[in-house]
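# Structure at a glance
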Amino acid sequence: MSTGLRYKSKLATPEDKQDIDKQYVGFATLPNQVHRKSVKKGFDFTLMVAERINQTVEILKHTVDIEEKGVKLKLTIVDTPGFGDAVNNSECWKPITDYVDQQFEQYFRDESGLNRKNIQDNRVHCCLYFISPFGHGLRPVDVGFMKALHEKVNIVPLIAKADCLVPSEIRKLKERIREEIDKFGIHVYQFPECDSDEDEDFKQQDRELKESAPFAVIGSNTVVEAKGQRVRGRLYPWGIVEVENQAHCDFVKLRNMLIRTHMHDLKDVTCDVHYENYRAHCIQQMTSKLTQDSRMESPIPILPLPTPDVETEKLIRMKDEELRRMQEMLQKMKQQMQDQ
Amino acid sequence: LRLPETRTDAAMSELVPEPRPKPAVPMKPVSINSSLLGYIGIDTIIEQMRRKTMKTGFDFNIMVVGQSGLGKSTLVNTLFKSQVSRKSSSWNREEKIPKTVEIKAIGHVIEEGGVKMKLTVIDTPGFGDQINNENCWEPIEKYVNEQYEKFLKEEVNISRKKRIPDTRVHCCLYFVSPTGHSLRPLDLEFMKHLSKVVNIIPVIAKADTMTLEEKSEFKQRVRKELEVNGIEFYPQKEFDEDLEDKTENDKIRQESMPFAVVGSDKEYQVNGKRVLGRKTPWGIIEVENLNHCEFALLRDFVIRTHLQDLKEVTHNIHYETYRAKRLNDSGGLPPGEGLLGTALPPVPATPCPTAE
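Looking at an unreviewed UniProt entry, chain B carries the name Neuronal-specific septin-3, with the source organism given as Jaculus jaculus. Its UniProt record gives chain B the following Subcellular location (unreviewed entry) comment, quoted word for word: "Cytoplasm". Under the Sequence similarities (unreviewed entry) heading, UniProt states for chain B: "Belongs to the TRAFAC class TrmE-Era-EngA-EngB-Septin-like GTPase superfamily. Septin GTPase family."

This is how it looks when you write it as structure tokens:
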């Protein structure tokens, strides 16, 4: 899977700003900006965003195909509205761990199947976890979530809505979060070490990247006028926050990391580490079940009974509804014909 | 000017507890056609009361509730321009978020213009911070009722203190997290329960995270949700006393509240003046600038215009409701010190001007 390709980060140059597709308004704006740029190879990338909005935890998938300079990217963004919003948030991450596991399971099945040419990779390559800027560090629910997911997916913690913090507060909060991540034994995504043959620029950028984690980000879908230029930002009575200004927030660092330099590594780690862990665990469970049943079978693993995922169930229900409606209509027509 | 009133001595056992017994408001004096033949000096009563208040000072108890990190302590310090609350950001590494809600009351004496205020700030660390926050408002409700009970016990004593120490919560600032979307279930639960026993003033914390448009939309949505859920925050509609009150309070209820605030204890130089604010790379947020946030509105509301009313509503309404319920429930006097036994008929409460 690893192609050894290294995407050298270019120094930030002003690029053509494309119009934002309005169908994403109302959605976490961060991924919208992230996927405007793409990479030199077409492949799938699934990004999961853990944020808090509504009252019950839902899993919402948005898939979009992006092409830039001949390179195609199929980006899937999985949103998790409702996370952490209830009064009682015990196990509120269960729908999310279930989702991640389901994708692994699907892949496992596909991989073990007969036709392996067109396996679609829906596994979650990266999870952006938004930490509230209003706390003093990690909250119990943050720790709970990350510990439940850190062995299943690459977690990239972010400090959300960073424009409500002044620089000294951001520094303190980042330190606190880093300490607590250590203290609680949370395994967040680690940036790999640079190859020694990289140039100094790249190494410097890489260092800065590592030192800035967790990234403090701001998102905006609106364009405002700042210093004679049109930039993406937020307009306050006391000033304008520019999303792509590195002195204002770490958005550019996040985008560079996610897309320009580490996208491939995120996928590699997902495949080589998280998925393999899942697969080994799965096989172990199955074989131990076999020995428990004291059956002597061939080593071909018996796949667990397929559990239809939420999407398929929805589809089945929809089709049932359709069928029912058509039957009703047919009945009505029959009745009408009889009455005539 | 509100004169202390006597309560009608209906037999206590026949007292049907209304959910909120309204105070008997003295009717505006019918103007008798009396032309004074000379100056009497009735108006000096105001000066006499003022001097008395200055000598005795007064109590004010304010409670702050909200998730940790919403700037509660900073805001209270900003409101009273002194370090009356200890910020949780200054907790050292060993002090963790408490597992259950704690109630911490710290008193300070503040003096201004010769007037002494004994300010008590009641903090509630641990509220809303756990994974499971079910019923986390219960310790708070318990605390509020305990203060009413304390006061009641003093009041029914045979030999009472001249000035009953007032630890009752006069005002509860509830800090709403500025998500920009809507109130959270916990916010609604808390306010539903507590608005029945204490004056709640909802406040949108850390409002510098929202643009003007987002702020206005959020406030509208919050107001709507409070209405839909039947939550009566202070100033409660049912206690508007006259048209003047109603007009003034309507405006506050429907336009200004909930106040979107920013707090700070740091000063910066802006246009030659030193102002309290927050310095960001893109500008300085001035806490007392009404174009930036509504802190000044909150301050004026709580301290400069409605402080006395907050205390009166607490005393005349919330406390009386509690008292009526207690007397009815126990079918007599609550057990207290210095009583000669429950055989005595309940002592009709006389007005408590001594409380202030």
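## Some remarks on the confidence of the model for chain B
Residues and elements named next belong to chain B. This prediction gives chain B a mean pLDDT of 83; 80% of its residues lie at or above 70. Note on residues 1-18: pLDDT under 50 across the span, and 24 contacts to partners over four residues away in sequence or across chains. Note that residues 336-356 has pLDDT below 50 and, in this model, 34 contacts with residues that lie over four places away or in other chains. For this predicted complex, the interface confidence reaches an ipTM of 0.76, while the overall pTM sits at 0.75.

## Some remarks on empty space enclosed by the protein
Within this structure, the stated rule accounts for six cavities of 30 Å³ or more. Roughly 100 Å³ of internal volume is contained in the largest cavity. If you go around the largest cavity, you meet 15 residues; those closest to its centre are Asn89 of chain A together with Gln67, Gly128, Gln130 and Asn133 of chain B. Each residue belonging to the lining of the largest cavity can be placed in one class, and the counts come to five nonpolar, six polar and four charged.

## A closer look at the packing of aromatic side chains
All names here are of chain A. Counted by the stated rule, this structure contains 17 aromatic pairs over all chains. With 5.9 Å between their ring centres and 55° between their planes, Phe104 and Tyr275 make a pair best called tilted. Note that Phe104 is positioned in helix 2 (residues 94-112) and Tyr275 in helix 7 (residues 263-292), a separation of 171 residues in sequence. For Tyr275, a relative accessible area of 1% gives the class buried. Joined through ring pairs, the aromatic side chains of Phe104, Tyr107, Tyr275 and Tyr278 make up one cluster. In this structure, Arg123 packs its charged tip against the face of Tyr107, placed 3.5 Å from the ring centre. Across from the ring centre of Tyr275, 4.7 Å away, lies the NZ or CZ of Arg123, which sits over that ring.

## Considering the sheet that holds strand 8 (residues 273-280) of chain B
Where strands meet in a sheet, backbone hydrogen bonds hold them as pairs that are either parallel or antiparallel. Residue and element names in this part refer to chain B. Across the sheet, which stays open at both edges, the three strands sit in the order 7-8-9 with antiparallel pairing between neighbours. In this open sheet, the two edge strands, each paired with only one partner strand, are strand 7 (267-270) and strand 9 (283-286). Strand-to-strand twist of the sheet, defined as the mean angle between neighbouring strand axes without regard to direction, takes the value 65°. Of the pairings in the sheet, the one linking strand 8 to strand 9 comprises four bridges and is antiparallel in character. The residue bridging Thr280 from the neighbouring strand is Gly283, located in strand 9.

Parameters at a glance
Residues numbered from 1 in each chain as written. Chains lettered and ligands numbered in written order. Predicted model: local features only at pLDDT ≥ 70, side-chain atom pairs only at ≥ 80, totals over all residues. Heavy atoms only, no water. UniProt positions renumbered as here; feature names shortened; annotations may be inferred. pLDDT = per-residue confidence, 0-100. Contact = heavy atoms within 4.5 Å. 1 Å grid on protein atoms, 1.4 Å probe; cavity = no way out; pocket = protein on both sides within 12 Å on 5 of 7 lines; lining within 4 Å. Points joined across faces, edges and corners; volume = space filled by probe spheres on them. Nonpolar A, V, L, I, M, F, W, Y, C, P; charged D, E, K, R; others polar. Phe/Tyr/Trp six-rings, centres within 6.5 Å; stacked < 30°, edge-to-face > 60°. Helix = DSSP H or I, 4+ residues; strand = E, 2+ residues; numbered from the N terminus. Buried < 20%, exposed > 50% of the residue type's maximum accessible area, 1.4 Å probe, protein only. Lys NZ or Arg CZ within 6 Å of the ring centre and 35° of its normal. Pairing = 2+ DSSP bridges. Axes fitted to C-alpha atoms, helices over the stretch in contact; angles between N-to-C directions.

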